[in-house]
Amino acid sequence: MNTSILLATTARILNQFRHDRRTVALMILMPSLLLILLRFVFNSEQAFSRAAPALLAVFPFAIMFIVTSITTLRERTTATLERLMTMPIAKLDLLFGYALAFGLVAVVQVLVAVGVSLYWLGLSIGGSVWLLVVIAGLDALLGTALGLFASAFARTEFQAVQFMPLFVMPQVLLCGLFSPRESMTPVLEWLSNVMPLSYAVDALTAVTTSSDITGELVQDLTIVAACGLLALVLGAVTLRRRTP
C-alpha cells in the first residue's frame, strides 16, 4: 500500500461528506436517537443498562454497514471507482482509504452515542469508559468493512439494501441481544460463534459489568478486529476494475 494515496482517498471521501450533511447526520446521530428512544421504551435505567451494551454494538454496526455499502456502490455506478482504478492505485489503498474515512466518522458516532448513554440516559458501567469507546468503535469499523465487502456484489442501491438481511440481521438475532447464546439450540449457538457481532456484544457486556481486562475480553477484541481486516482484504480481492 502507498500511504500518500491512501490518505488522498480518505481526504476525498471526507470532503464529499462535507457536502452531504444528511448522510453525516444519519451516521453520527441515528444510533444516539435510537438509544434515546429505547431508554424511554424501557422507562427504567436498570433495564436500559442491561440492554445498552448490546445496543451500542448493534446500532453503529448496522448503520455503518448500510451507509458504507450504498455510498461505495454509488461511486461504482457513477464510474468514479472505475476512473480511480485506471490510475496507479492498489485496491487495498482504495478500500483502506474508504475504511479510514468512514472509520473517522464512526469514531465520532460512537463518542456521541456513548456520551449520550452515560451522561443522559443513565448507563452505568463497571469498567473503563475509553475501553467501551474502543470496543464500540471497532464494532462500527466492522460494519464499515462488511459494507465495503458487500458492495462488491451489488449492482444497484436496492440490491445493496437487500444485503442487510444477509449480513446484518442474522448477527443481530444471534448475538445474544434477545436470548443468551448458550441457551440456543446447538446449531444456532454454533452460528452465533462464527459471527463477529457476537464477540463485540460479549466484549461490551464485559466492560459494562466488570473493570477486569481478562483474556476472554482480549480474545473478543482480537476476533472483531481480525474479522474487520479480513472483510477489507476480501473486498479488495472481489473489487472489479470494470462495472458490469
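Model, not experiment: these values are computed from the prediction.

Caption draft 1: A look at the overall build of the protein. When its secondary structure is counted, the protein shows 12 helices and zero strands. Taking 18 Å as the expected radius of gyration for a compact globule of 244 residues, we find that the protein reaches 18 Å, a close match to that expectation. Overall, the C-alpha framework of the protein stretches about 55 × 40 × 35 Å when taken along its three principal axes. For the protein, buried positions account for 48% of its 244 residues. The long-range fraction of contacts in the protein, counting pairs at least 24 apart against all pairs at least 6 apart in sequence, stands at 80%. Per element, the accessible surface of the protein, about 11800 Å² overall, is 67% carbon and sulfur.

Caption draft 2: Inspection of the UniProt feature "transmembrane region" (unreviewed entry) in the protein at higher detail. The positions that UniProt labels "transmembrane region" (unreviewed entry) are, in the present scheme, residues 24-42, 54-73, 94-121, 127-149, 161-179 and 221-239. Note that residues 94-121 is 93% helix and 0% strand, and that its end C-alpha atoms are spaced 39 Å apart. Between the C-alpha atoms that bound residues 161-179 there is a distance of 26 Å. The span itself is 63% helix and 0% strand.

Caption draft 3: The arrangement of the packing of aromatic side chains in detail. For the coordinates displayed, the defined rule picks out four aromatic pairs. Ring geometry for Phe-17 and Phe-102: centres 5.2 Å apart, planes at 75 degrees, overall edge-to-face. Here Phe-17, found in helix H1 (residues 3-18), pairs with Phe-102, found in helix H5 (residues 91-119); they are 85 residues apart in sequence, far enough to count as distant. For the pair Phe-17 and Phe-102, one class covers both residues: buried. Seen in terms of ring centroids, Phe-149 and Phe-167 are 6.1 Å apart; in terms of plane orientation they differ by 80 degrees. Their pairing is edge-to-face. Of this pair, Phe-149 sits in helix H6 (residues 129-151) while Phe-167 sits in helix H8 (residues 164-167), and the two are 18 residues apart along the sequence. This pair shows no difference in class: Phe-149 is buried, exactly as Phe-167 is. Here a set of aromatic residues connected by ring pairs shows up, and it is made of Phe-65, Phe-149, Phe-163 and Phe-167. In this arrangement the basic side chain of Arg-39 is found over the ring face of Phe-40, its NZ or CZ atom lying 5.9 Å from the centre. Its guanidinium or amino end placed over the ring of Tyr-199, Arg-181 lies 5.5 Å from that ring's centre, counting from NZ or CZ.

Caption draft 4: Region of interest: the pattern of salt bridges. Tallying each qualifying case throughout the model produces one salt bridge. With a shortest N-O distance of 2.4 Å, Asp-202 and Arg-181 are connected by a salt bridge. Here Asp-202 is found in helix H11 (residues 196-209), whereas its partner Arg-181 is found in the loop between helix H9 (169-174) and helix H10 (186-193), with 21 residues between them in sequence. For Asp-202, a relative accessible area of 26% translates into the label partly exposed. Judged by relative accessible area, which is 12%, Arg-181 ranks as buried.

Caption draft 5: Seen up close, the nonpolar core. Ranked by internal contacts, the top residues of the largest apolar core, which has 70 residues, are Leu-35, Leu-56, Phe-102, Ile-135 and Leu-197. Mapped by element, the contributors of at least two residues to this core are H1, helix H2 (21-42), helix H3 (45-77), H5, H6, H11 and helix H12 (215-238). The greatest single-element share of this core, amounting to 17 residues, is contributed by H3. Setting aside residues up to four positions removed in sequence, Leu-56 forms contacts with Leu-35, Ala-113, Val-114, Ser-117, Leu-123, Leu-132, Ala-136, Asp-139 and Leu-204.

Caption draft 6: Fine view of the environment of Phe-42. Relative to the helices and strands, Phe-42 is located in helix H2. You can call Phe-42 partly exposed: its relative accessible area is 34%. In this structure Phe-42 touches Ala-47, Phe-48 and Ala-51, once residues within four positions along its chain are discounted.

What counts and how
Residues numbered from 1 in each chain as written. Predicted model: local features only at pLDDT ≥ 70, side-chain atom pairs only at ≥ 80, totals over all residues. Heavy atoms only, no water. Helix = DSSP H or I, 4+ residues; strand = E, 2+ residues; numbered from the N terminus. Rg over C-alpha atoms; globule rule 2.2 N^0.38 Å. Buried < 20%, exposed > 50% of the residue type's maximum accessible area, 1.4 Å probe, protein only. Contact = heavy atoms within 4.5 Å. Areas by Shrake-Rupley, 256 points an atom, 1.4 Å probe, with all protein chains shown as cover. UniProt positions renumbered as here; feature names shortened; annotations may be inferred. Phe/Tyr/Trp six-rings, centres within 6.5 Å; stacked < 30°, edge-to-face > 60°. Lys NZ or Arg CZ within 6 Å of the ring centre and 35° of its normal. Salt bridge = Lys/Arg side-chain N within 4 Å of Asp/Glu carboxyl O. Core = buried A, V, L, I, M, F, W, Y, C linked by side-chain atoms within 4.5 Å.

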